[in-house]
Amino acid sequence: PSVDDALLNTCLEQFLRPTVKAMAAEDCPYTGTLYGGIILPDSGPEILEYNCRFGDPETQEILPRLKSDLAQILMATAQGRLAEVQVEWSDEVCVCVVVASGGYPGKYEKGKVITGIDAAQQDPKVTVFHAGTAIKDGQLVTNGGRVLGVTALGSDYRDALDRCYEAVKKIHFDGMY
């Protein structure tokens, strides 16, 4: 909600478009996913990093809004035909809350049994993405610092955030935050 169209255009014009143009000018055109990690200090936007992959959990609040077929978009991108694909987005907003292990980003314990994911996903606008999980002795357990990305769609940011935290309340494991 803190990024309006003017700020988005500033980031596109200041960072992303010049990067793609420079790569093309160096005879190294870029095809694929380019994720720019941008921070917003009072002095104006700054780029922290580029990733040539989908960011996690950043993408988890983008893809649920995608109405088009992601596989078709990726295939068209790989074949240089992206301009031929109509990409449609939902008008809903989406948020993602990371459920982490106690101690993260420092030391944390693994192997804590996770419950409640099925209950959390009873709402069709909620998706739970696994990040640091594993199956041990037939049970879902923690296996990383960022354990889950709980994502929810809503009519506005408040609706999506409330829906997301209602889902988070249904998930449990020792040390969860």
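Look a little higher up for the structure.
Rules used in this analysis
Residues numbered from 1 in each chain as written. Predicted model: local features only at pLDDT ≥ 70, side-chain atom pairs only at ≥ 80, totals over all residues. Heavy atoms only, no water. Helix = DSSP H or I, 4+ residues; strand = E, 2+ residues; numbered from the N terminus. Buried < 20%, exposed > 50% of the residue type's maximum accessible area, 1.4 Å probe, protein only. Contact = heavy atoms within 4.5 Å. Areas by Shrake-Rupley, 256 points an atom, 1.4 Å probe, with all protein chains shown as cover. Lys, Arg positive; Asp, Glu negative; His and termini not counted. Charge placed at Lys NZ, Arg CZ, Asp CG, Glu CD. Pairing = 2+ DSSP bridges.

Caption draft 1: Layout of the overall build of the protein chain. Of regular secondary structure, the protein chain possesses four helices and seven strands. Put simply, the protein chain runs from its N terminus to its C terminus through helices and strands in the order α-β-β-α-β-α-β-β-β-β-α. The C-alpha extent of the protein chain, read off along each of the three principal axes, is 55 × 35 × 35 Å. Across the 177 residues in the protein chain, those meeting the buried criterion constitute 29%. When contacts within the protein chain are restricted to residue pairs at least 6 apart in sequence, those whose partners lie at least 24 apart make up 59%. Carbon and sulfur atoms make up 52% of the accessible area of the protein chain, which totals about 11,100 Å². Across the protein chain, 16 positive and 25 negative side-chain charges occur, with their mean positions spaced 5 Å apart.

Caption draft 2: Here's a closer look at the pairing of strand E6 (residues 139–142). Note that strand E5 (residues 133–136) and E6 share four bridges and pair antiparallel. Pairing of Lys136 across the sheet is with Gln139, part of E6. Adjacent in sequence and paired antiparallel, E5 and E6 are bridged by two residues, among which Asp137 carries a positive phi angle near 55°.

Caption draft 3: Broad picture of the environment of Asn9. Here Asn9 lies in helix H1 (residues 5–25). With 135 residues separating them in the primary sequence, Asn9 and Gly144 have C-alpha atoms 36 Å apart.

In short, geometric facts, not functional conclusions.
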